[in-house]
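Summary of structural features
Chain by chain, the residues:
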Amino acid sequence: MQETLKKEKAFQEKLAKLKKTPDDVKLNREIAILYVQRHQIEKAEPILEMMPDDMDINREFGIFYLSKNEIEKALKISEMMPDDVKLNYEFAVTYLEQGQIEKALPYSQKVLDKDRDNTTGLLPNLHLEIGATYASMIQSSFSKDAKKYGKNAVKYLQTVIEKYPDSNVVFETAQFHLGVTYSRTGDFEKSIEVLGKLINHATDERIKEVLPYEIIEVKQLAAYRAAQDYVGVTFSPITQDFEVAIGVLEKWMNHLNTDERTRQAVQKEFKKIRQLAAEAETSE
């Protein structure tokens, strides 16, 4: 509350100053941007008309239009300043949030090309957003595409982890998404390894809260996938290696799982194997 009052006082002081110096370009720019950020777009428009080529004001208008999903208006501004890093970033993030990754990539590439040294501080979150979007596409894709999406997700998320370890919450969020991505691609051991490391140093309260449940879910998936694989393929009635199958499943369960629900699920798989063994013995 105190901070809000302080900002409002500063804004009113700027307005009072503008009345005395109406031709002050810098002050007009600052006030126009503040109007846009306050969603008082109609008050900012006269200043834009007076300063139509001002990149800072146009950028704020473009970002505002994107926030309202008025893409055509934002595109007109983008045509005026096609290499603006911040505006391209906003376009990329807007499309990523809508799941339109093909539209996002050209804008994100401009950001990566124009700001290789991350002077804007936007690159960690951009890599995170791209990686998370690819990860979200894995489960709804055909197997061939899922593999490609998983590979891309890992690439972008690892970039955050390797290049921007000081990016605080973004760094931790990238680790979390990487662990989830490995799980979605079936690499459960890597998933548990990544999430297990994260749980020891996570500072973000939201991540700390969900991590234990996510690890349990990954372990459940690992055990269930193992059970399906061994019952359906490796230890089918053709091989008749039923005791080995049970031994392997017990190892998976003891190594990767501690919760009762998973144990019960794997026990059902044990019953299937024993049933297959009994049927094989009867047929002999």
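Rules behind the numbers
Residues numbered from 1 in each chain as written. Predicted model: local features only at pLDDT ≥ 70, side-chain atom pairs only at ≥ 80, totals over all residues. Heavy atoms only, no water. Helix = DSSP H or I, 4+ residues; strand = E, 2+ residues; numbered from the N terminus. Buried < 20%, exposed > 50% of the residue type's maximum accessible area, 1.4 Å probe, protein only. Contact = heavy atoms within 4.5 Å. Areas by Shrake-Rupley, 256 points an atom, 1.4 Å probe, with all protein chains shown as cover. Lys, Arg positive; Asp, Glu negative; His and termini not counted. Salt bridge = Lys/Arg side-chain N within 4 Å of Asp/Glu carboxyl O. Core = buried A, V, L, I, M, F, W, Y, C linked by side-chain atoms within 4.5 Å. Polar contact = N/O pair within 3.5 Å; in protein donor to acceptor, adjacent residues only side chain to side chain. Phe/Tyr/Trp six-rings, centres within 6.5 Å; stacked < 30°, edge-to-face > 60°. Axes fitted to C-alpha atoms, helices over the stretch in contact; angles between N-to-C directions. Parallel < 35°, antiparallel > 145°, perpendicular 65-115°, else oblique. Left-handed = near helix turned anticlockwise from the far one by under 90°. Expected span 1.5 Å × (residues − 1).

1. Details of the overall build of the protein chain
Each helix and strand counted, the protein chain has 14 helices and zero strands in total. Relative to its 284 residues, the protein chain shows a buried fraction of 43%. For the protein chain, long-range pairs separated by at least 24 residues make up 49% of all intrachain contacts whose partners lie at least 6 apart in sequence. For the protein chain, the exposed area adds up to about 16900 Å²; of that, 51% sits on carbon and sulfur atoms.

2. Details of the side chain of E214
Secondary-structure assignment places E214 in helix α12 (residues 205-234). R184 is the oppositely charged side chain nearest to the buried, salt-bridge-free E214, at an N-O distance of 6.9 Å. Not counting residues up to four positions away in its chain, the partners in contact with E214 are F176, V180 and L195.

3. Quick notes on the environment of L87
In this fold, L87 is placed in helix α6 (residues 85-97). Aside from chain neighbours lying at most four places away, what touches L87 is R59, G62, I63, L66, I77, S78 and M81.

4. Some remarks on the pattern of salt bridges
Taken as a whole and assessed by the stated rule, the structure comprises ten salt bridges. Its salt-bridge partner being D56, residue R59 comes within 2.9 Å of it at the nearest N-O pair. Taken together, the residues span about one helical turn, with R59 and D56 both in helix α4 (residues 55-67) at a distance of three residues. On the basis of relative accessibility, which here comes to 13%, the residue R59 falls in the buried class. Across the pair K73 and E70 runs a salt bridge, and its minimum N-O distance is 3.1 Å.

5. Here we look at the nonpolar core
In terms of nonpolar packing, the biggest core is built from 47 residues, with I31, I57, F61, F91, L126, I130 and Y134 touching the most fellow members. With eight residues, α6 is the single largest residue contributor to this core. In this view, I31 contacts F11, K14, L15, L18 and I47; residues no more than four positions away in its chain are not counted. Ranked by size, the runner-up nonpolar core spans twelve residues in total, among them F176, L195, I207 and A222.

6. Section: the environment of D204
One can find D204 in the loop between α11 (188-201) and α12. Between the C-alpha atom of D204 and that of V170, which follows or precedes it by 34 residues, the distance is 9.8 Å. Residue contacts for D204: discarding those within four places in its chain leaves V169 and E172. Engagement of the side chain of D204 in a polar contact is seen with the backbone nitrogen of I207, the distance being 3.0 Å.

7. A look at the packing of aromatic side chains
Tallying each qualifying case throughout the model produces eight aromatic pairs. Centre to centre, the rings of F91 and Y107 are 4.7 Å apart; their planes meet at 10°, and the pair counts as stacked. With F91 in helix α6 and Y107 in helix α7 (residues 101-114), this pair connects stretches of sequence that are 16 residues apart. For the pair F91 and Y107, a shared accessibility class is recorded, and that class is buried.

8. Some remarks on the packing of α7 against helix α8 (residues 123-136)
At their nearest, the axes of α7 and α8 sit 11 Å apart, and the two run at 155° to each other. Viewed along their axes, α7 and α8 adopt a mutual orientation that is roughly antiparallel. Taken as a pair, α7 and α8 cross one another with a handedness that is left-handed. Each of I101, L105, S108, V111 and L112 in α7 lies in contact with α8, whose residues at this interface are L123, L126, H127, I130, T133 and Y134.

9. Quick notes on α7
Under the 1.5 Å per step criterion, the end-to-end length of α7 is 20 Å for 14 residues, consistent within 8% with the ideal 20 Å. Turning to α7, its buried residues number three or more, namely I101, A104, Y107, S108, V111 and L112. Taken together, the buried residues of α7 touch α5 (71-80), α6 and α8.

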